[in-house]
Amino acid sequence: MMFYATALKTQHAKPDYDQGLLWVSLLLLAFGVVMVYSASIGIAGANRYTGYQESYYLVRQLMYVTVSLIFGFIAFQFPLRAWQKLAPYLFITGIVMLVLVLVPHIGREVNGSKRWISLLVVNLQPSELMKLFAVLYAADYTIRKAGHIESFTRGFLPMLLVMLFIGALLLLEPDFGAFAVIIAIAMGILFLGGINGRQFGALIVMLVIGFAFVIWRSPYRMQRIIGFMDPWADPFGKGYQLSHALIAFGRGEWFGVGLGGSIEKLMYLPEAHTDFLLAVIAEELGFVGVAAVVGMFAYLTLRAFAIGRQAASLERPFAALVAHGIGIWLAVQSIINMGVNMGLLPTKGLTLPLLSFGGSGIAANCVALGILLRVDWESRQLLKGYAV
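Residues numbered from 1 in each chain as written. Predicted model: local features only at pLDDT ≥ 70, side-chain atom pairs only at ≥ 80, totals over all residues. Heavy atoms only, no water.

(A) Broad picture of the overall build of the chain. When helices and strands are tallied, the chain shows 13 helices and 3 strands. For the chain, whose C-alpha radius of gyration is 22 Å, the value lies close to the compact-globule estimate of 21 Å for 388 residues. Dimensions of the chain, computed from the C-alpha atoms along their principal axes, are close to 65 × 65 × 40 Å. Counting all 388 residues of the chain, 49% fall into the buried class. Here the contacts in the chain between residues at least 6 apart in sequence split such that 70% fall between residues at least 24 apart. (Helix = DSSP H or I, 4+ residues; strand = E, 2+ residues; numbered from the N terminus. Rg over C-alpha atoms; globule rule 2.2 N^0.38 Å. Buried < 20%, exposed > 50% of the residue type's maximum accessible area, 1.4 Å probe, protein only. Contact = heavy atoms within 4.5 Å.)

Rendered as structure tokens:
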């Protein structure tokens, strides 16, 4: 009887990890594999580079997801104190990689942008890893400077200069989208860490002016803004990509044309399996499919902030800021990507986290979620009275 009582108690015991966070993450990854395959059939079957194999992107995405899950599992094994110690070194490594991207014969150029380093088998995109490193570094910096966080010269200025340097490297690639996400991560963590309100307000004003200046100084960015304002004014030029994305949304209506039934993915909509994957989802699965994706990302963001609040209540400031930073990252990047697909924001080269095709992005997302699960796991251990 005692054995059965113990077994029953174990069966109903609360798990040591966030089941909802884990399963929603796995569901997004699996759904991404299916939609990448559907969205890439046309381009893979018509491209000499892929050997005319329709399953080319499916096989690579499966490989990326498998390896990324392994990376995420390994990341989960490291305690948060280890990540805090590694944060400055990882950030420096990220800076070195961003510099290497710009070096001739090292950085690989695709569609006019140098964002990749060739590793023979795969291409590494440092800006994706830099988002994760920025979360860890900003959280560590905020903790180290806690006594001076309200000081302009000792708290605010050093971080501002570092982020401006990172921004300059990203704009040289150019990768304006990654710059916007990293700035949002740093600002969010500094705000949650207690930065002076006036300094934060001044920073926002400076960023708005800076973004406006960068757009004004870049003709192609101005063209994107013009195309975004009225894509139908030049549907075969500046508004081509957005107009076809909107057509995909329109064709999808409530329930879509059916999985695999997209017309826009057949060489009409550029980057259908990467930046504009949501448009294919809208066309094939309709409003219901898009709403499900939005709901899953909203759930991940809310769970990240809930995990962060719990860590803060247990007096674990670094863990709390890391969880919040990951939540900000996933929310901002997914909102920008969705806004671009729906014509609410100017066209920007940002993928949809966990869903879009790409190895570096998927790997960075899985490692971040592994760390987030670790934050939650350590908090649960502390609540049970165990040391972590």
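Continuing now.
(B) Structural view of the packing of aromatic side chains. Applying the stated criterion across every chain yields a total of 8 aromatic pairs. Put simply, the rings of Y56, Y57, Y64 and F357 pair up and form one aromatic cluster. The ring centre of F76 lies 5.9 Å from the NZ or CZ of R374, which sits over that ring. (Phe/Tyr/Trp six-rings, centres within 6.5 Å; stacked < 30°, edge-to-face > 60°. Lys NZ or Arg CZ within 6 Å of the ring centre and 35° of its normal.)

(C) Region of interest: the sheet that holds strand β3 (residues 123-124). If you trace the 3 strands from one edge of the open sheet to the other, you get β1-β2-β3, paired in antiparallel fashion. What marks the edges here is a single partner per strand, and that holds for β1 (107-110) and β3. The sheet contact formed by β1 and strand β2 (residues 113-118) spans 4 bridges and is antiparallel. Looking at β2, one finds that R108 is bridged to W116. (Pairing = 2+ DSSP bridges.)

(D) Examining the environment of A202 more closely. When you line up the elements, A202 lands in helix α8 (residues 197-217). Taking the relative accessible area as the measure of exposure, A202 reaches 37% and is therefore partly exposed. Separated by 169 residues in sequence, A202 and V33 place their C-alpha atoms 43 Å apart.

(E) The side chain of S334, seen in detail. In this fold, S334 is placed in helix α12 (residues 317-341). Within the local environment of S334, its side chain forms a polar contact with the backbone oxygen of L330, the two atoms lying 2.6 Å apart. Non-local contacts of S334, meaning those with residues more than four positions away in its chain, are made with F297, L352 and P353. (Polar contact = N/O pair within 3.5 Å; in protein donor to acceptor, adjacent residues only side chain to side chain.)

(F) Spatial organisation of the packing of helix α5 (residues 126-144) against α12. Between α5 and α12, whose axes approach to 9 Å, the crossing angle comes to 145°. For the element pair α5 and α12, the recorded crossing hand is right-handed. When α5 is examined against α12, the residues E128, K131, L132, V135, L136, A139, D140, T142 and I143 are found in contact with a partner set consisting of P317, F318, L321, V322, G325, I326, W329 and Q333. Split by residue class, the contact of α5 with α12 holds 11 nonpolar, 3 polar and 3 charged. (Axes fitted to C-alpha atoms, helices over the stretch in contact; angles between N-to-C directions. Left-handed = near helix turned anticlockwise from the far one by under 90°. Nonpolar A, V, L, I, M, F, W, Y, C, P; charged D, E, K, R; others polar.)

(G) Broad picture of the pairing of β2. Both β2 and β3 contribute to a ladder of 2 bridges, which runs antiparallel. Paired with S118 across the bridge in β3 is N123. Counting the residues that bridge the hairpin from β2 to β3 gives 4 residues, and of these L120 lies at a positive phi of roughly 70°.

(H) Structural context of the side chain of R115. Among the structural elements, R115 can be located in strand β2. One polar contact links the side chain of R115 to the main-chain carbonyl oxygen of P174, over a distance of 2.9 Å. Those residues in contact with R115, other than ones at most four positions away along the chain, are V101, R108, L124, Q125, P126, E173, P174, D175 and G349.

(I) Expanded view of unusual backbone geometry. Across the junction of E173 and P174, the peptide omega takes the value -5°, indicating a cis bond. Inspection of the secondary structure assignment puts P174 in the loop between α6 (152-172) and α7 (176-192). Phi at E253 takes a positive value of approximately 50°, unusual for a residue other than glycine. One non-glycine residue, L354, lies in positive phi territory at about 70°. Tracing the chain through its elements places L354 in the loop between α12 and α13 (359-383). The class for L354 is buried, based on a relative accessible area of 1%.

(J) Quick look at α12. Between the first and last C-alpha of α12 there are 36 Å, a value that for 25 residues agrees with the 36 Å anticipated at 1.5 Å per step. Counting buried positions over the 25 residues of α12 gives 22, a clear majority of the element. Of the residues one or two after α12, G343 is the one with positive phi, at around 80°. (Expected span 1.5 Å × (residues − 1).)

(K) Structural view of α13. Between the first and last C-alpha of α13 there are 36 Å, a value that for 25 residues agrees with the 36 Å anticipated at 1.5 Å per step. Counting buried residues in α13 gives 20 out of 25 residues, a clear majority hidden from the surface. Immediately downstream of α13, the backbone of G385 shows phi near 95°, a positive value.

(L) View of the nonpolar core. Grouped together as the largest cluster of nonpolar side chains are 106 residues, with contacts concentrated most on V293 and I371. With 14 residues, the top contributor of residues to this core is helix α11 (residues 277-313). With sequence-adjacent residues up to four places away left out, V293 is seen in contact with F31, L278, I281, M338, L352 and L355. (Core = buried A, V, L, I, M, F, W, Y, C linked by side-chain atoms within 4.5 Å.)

(M) Quick peek at a nonpolar patch on the surface. A cluster of nonpolar side chains, M63, V67, I70, F71, F73, I74 and F78, forms an exposed patch at the surface whose accessible area comes to about 620 Å². Note on placement: M63 falls in helix α3 (residues 56-77). (Patch = residues over 30% accessible without salt bridge, like charges linked within 9 Å, V, L, I, M, F, W, Y side chains within 5 Å. Areas by Shrake-Rupley, 256 points an atom, 1.4 Å probe, with all protein chains shown as cover. Salt bridge = Lys/Arg side-chain N within 4 Å of Asp/Glu carboxyl O.)

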